[in-house]
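# A structural walkthrough
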Amino acid sequence: MGVLDHPIGVIRGVGPATANHLRTLAVHTVRDLVSFLPLRYLDRSRIMPIASVHCGQDCLLCGILGAAAPLFTRGGRRGVSALLADESGSIRCMWFGSASWVGRWSGREVVVSGRTSLRNPPALLHPEIEDLTDERDPYLPVYRLTAGLTQRKMRAVVRAALASLPLAVPSLVDSAWASACSLAALGEAVRCAHFPPSLEQGLRGQDRVRLEALIPLQVLVARRRASFRDRSAPAMAATADELARFLRLLPFPLTRCQADALGEIRGDLANPRPMHRLLQGDVGSGKTVVAAGAAVIALAHGFQVALMAPTEVLADQHARVLTPWIREIGHETVVLSGGTSAGDRGTIHRRMAEGQPLLVIGTHALVQDSVAFGNLGLAIIDEQHRFGLGQRAALAAKGSSPHLLVMTATPIPRTLAMTVYGHLDLSVLSEKPPGRRPIQTKWYDHGRRGHAFDDLRRAVAGGIQAYVVAPLVEGSPSLEASGAVDLYHDLSTGELAGVRVGLVHGRMKAAEKDRVIHAFRAGEIQVLVCTTVVEVGMDAPGAGLLLVDGAERFGLSQLHQLRGRIGRGGQDAFCILLTGEIITIEAEQRIQAMLDTGDGFRLAEIDLTQRGPGALLGPDQHGRVAGVLSADVRLVALARECAQRIVEGGPPPGIDLDGLVRGFEDVPALGAG
Ligand code: ADP
Ligand code: MG
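Residues numbered from 1 in each chain as written. Chains lettered and ligands numbered in written order. Predicted model: local features only at pLDDT ≥ 70, side-chain atom pairs only at ≥ 80, totals over all residues. Heavy atoms only, no water.

Most of strand β21 (residues 543-549) is tucked away, with seven of its seven residues classed as buried. In this structure, β21 lies alongside strand β22 (residues 574-578), joined through five bridges in parallel fashion. By the bridge assignment, D549 is partnered in β22 with L578. (Buried < 20%, exposed > 50% of the residue type's maximum accessible area, 1.4 Å probe, protein only. Helix = DSSP H or I, 4+ residues; strand = E, 2+ residues; numbered from the N terminus. Pairing = 2+ DSSP bridges.)

Dropping the structure here:
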């Protein structure tokens with residue numbers, strides 16, 4: 001075991017406190033530390049005069065920071081503001097939150113880096129401040145930090161770690177292969193990645209380090225794949241008749257990619273090995289009928305099918321759509337959710353335990369201990385990213401290695417799919433059913449709040465049904481509910497007086513929620529004021545307008561999901577994004593992305609670069625993946641190839657491969673269980 005595998009405590013300057021901070025960044029060993037790559041570099045030759053700064057620009061400025069003054073917005077947010085001045089001019093810098101540390105820099109000459117606002121006059125939101133007076137390197141790394149760590153401290157610690165490395169750092173890539181692929185030596189690459197002589201060398205160094213770090217993860221993925229393949233599952237080979245009957249029941253022909261996906265699933269189900277398939281498709285691409293086709297096959301072979309959805313609204317909607325079709329082919333659907341009465345639940349539990357072929361649709365109520373399937377042949381998880389790893393595994397564990405189909409409407413960038421979901425087979429619905437028109441999206445800032453509601457009123461008067469989404473309140477469902485209630489009252493007594501307005505939020509009783517949603521679907525309610533309870537999968541084909549209040553608070557994938565609620569009946573559809581008084585650059589970029597494209601895969605790529613993979617991986621994401629993830633398909637493919645060579649031929653000598661692989665073991669394994 002070389003120095004790379006030592007705990008970070010061995011590095012000069014890393015005491016218990018720093019070690020703790022580093023641990024929250026998933027940095028435990030020297031290897032983790034030197035693989036903890038800079039987010040970007042400060043190029044000190046690029047310091048510019050403040051007067052030359054434009055809007056929406058990455059910039060590096062040097063000047064004297066003025067006094068820190070408290071900042072209040074009408075929206076009730078607090079922060080700190082300070083002016084940075086050089087000989088050419090000055091620029092306002094703002095930070096939200098208590099940001100009391102800003103005061104420490106007042107009156108000092110500092111280097112400030114960040115991105116300027118898109119609106120005039122340019123201001124800097126949440127810039128970083130540093131004292132660079134005693135730095136020598138031409139390019140300085142900027143790291144992701146955690147409270148208590150500074151860039152300065154990180155740089156010192158990384159420098160000390162680099163100094164402790166042997167000249168030749170052992171690599172998982174054997175040297176013959178490395179030179180065949182013209183890969184740099186790892187030791188040199190690590191040094192360049194942190195303190196590069198040029199920007200280009202820095203980025204190339206990062207790629208090399210990332211490749212090295214990706215290999216153990218790909219080894220894990222390869223091993224997981226192999227372990228699924230070892231189990232046995234019921235082969236469901238005779239499918240043609242029932243499936244054909246089911247397809248004839250549909251009011252539309254399958255799209256090309258729906259048919260392909262169903263074909264792939266048929267192939268999997270016919271196999272005596274459990275299916276592990278991820279069905280990806282943008283919102284509205286029609287995943288439900290594909291899942292239903294799979295269910296039909298399993299039911300026709302006498303097996304039970306579980307379909308788990310993240311909300312009651314969605315479970316009920318699936319039941320409403322699927323029950324008649326399933327009945328037509330001679331089978332029965334039951335629903336198990338929080339809203340199921342105790343009496344019904346008892347009967348349903350008994351029938352499930354007896355093993356009668358049933359389609360059981362439900363929420364996470366399906367994975368409770370009291371629920372037993374006598375004969376589960378296929379488990380389907382809708383909107384899988386809304387469930388934790390434990391819940392997904394628990395559903396699969398209700399049968400003895402059932403076939404598993406997981407679905408997601410959060411498009412996963414290809415690199416992420418290859419990295420984290422590499423052990424799953426992938427079907428993609430890349431096109432939507434015909435007749436959908438692009439949704440026209442508009443952005444109104446705070447000053448034009450009135451115009452947004454004018455647009456809404458006009459559209460509603462013209463017979464368009466609308467969702468109005470209340471602002472997101474972080475971490476507080478009850479505040480969120482009251483936000484929606486307030487907005488509902490304001491609108492129904494103000495701008496929308498005389499219009500039939502409904503309200504739905506997560507704090508309402510299930511029956512009440514149902515009633516409102518039904519009324520909206522039936523067109524009895526014209527405007528539905530709601531929280532993100534409608535985000536996931538809700539289908540009301542009449543809805544043609546979506547207004548999101550406080551759009552700056554929503555994540556990109558959330559906005560995309562919300563926008564997916566409208567225009568589902570093929571009509572013209574409009575999306576209005578209304579933002580609050582002060583918004584961050586990142587939020588401006590998200591809104592801009594929403595204006596620029598309706599392509600969920602494109603938006604996911606943007607989300608990935610903006611927020612990192614955590615946002616896309618769901619609740620059980622892992623810091624270590626965030627660190628090694630690459631958006632570069634070539635690099636991921638190379639890592640796969642290396643992993644394959646290692647799985648077949650063993651690791652190069654002197655490397656504790658299993659130790660490295662263990663480091664990734666809590667990376668979400670869909671369906672491993
Ligand atoms: P999602 O992929 O978001 O779960 P759904 O399965 O809810 O999408 O389908 C969205 C809508 O598209 C539904 O109203 C569904 O009936 C309709 N739909 C699905 N497949 C087709 C098709 N092949 N042709 C026309 N409409 C379709
Ligand atoms: Mg869906």
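Here the protein chain is described as being made up of domain 1 (40-142), domain 2 (240-429) and domain 3 (440-597). At the junction of the two partners, domain 1 supplies 11 residues and domain 3 supplies 10 residues. Both faces combined, the contact of domain 1 with domain 3 buries some 1,100 Å², and carbon together with sulfur accounts for 56% of it. On the surface where domain 1 and domain 3 come into contact, there are zero salt bridges. Here domain 1 and domain 3 share zero residue pairs in polar contact (both at pLDDT 80 or more) between them. Looking at the side of domain 1 that touches domain 3 residue by residue, the class counts come to three nonpolar, four polar and four charged. (Domains from an automatic or database assignment. Contact = heavy atoms within 4.5 Å. Buried area = accessible area lost by both parts, 1.4 Å probe. Salt bridge = Lys/Arg side-chain N within 4 Å of Asp/Glu carboxyl O. Polar contact = N/O pair within 3.5 Å; in protein donor to acceptor, adjacent residues only side chain to side chain. Nonpolar A, V, L, I, M, F, W, Y, C, P; charged D, E, K, R; others polar.)

We now examine the environment of L71. Looking at the element boundaries, L71 is found in strand β3 (residues 69-72). Residue classification places L71 among the buried positions, given a relative accessible area of 8%.

Here seven strands make up an open sheet; going across it, the order is β12-β13-β11-β14-β15-β10-β16 and the pairing parallel. Among the strands making up the open sheet, the edge pair consists of β12 (332-336) and β16 (425-429). This sheet shows a mean twist of 20 degrees between the axes of neighbouring strands, independent of strand direction. Bridge count for strand β10 (residues 276-281) against strand β15 (residues 403-408) is five bridges, and the pairing is parallel. Residue pairing across strands places L279 opposite M407, the latter belonging to β15. Strands β10, β14 (376-381), β15 and β16 of the sheet are contacted by helix α8 (residues 256-269), whose axis makes an angle of about 160 degrees with β16. (Axes fitted to C-alpha atoms, helices over the stretch in contact; angles between N-to-C directions.)

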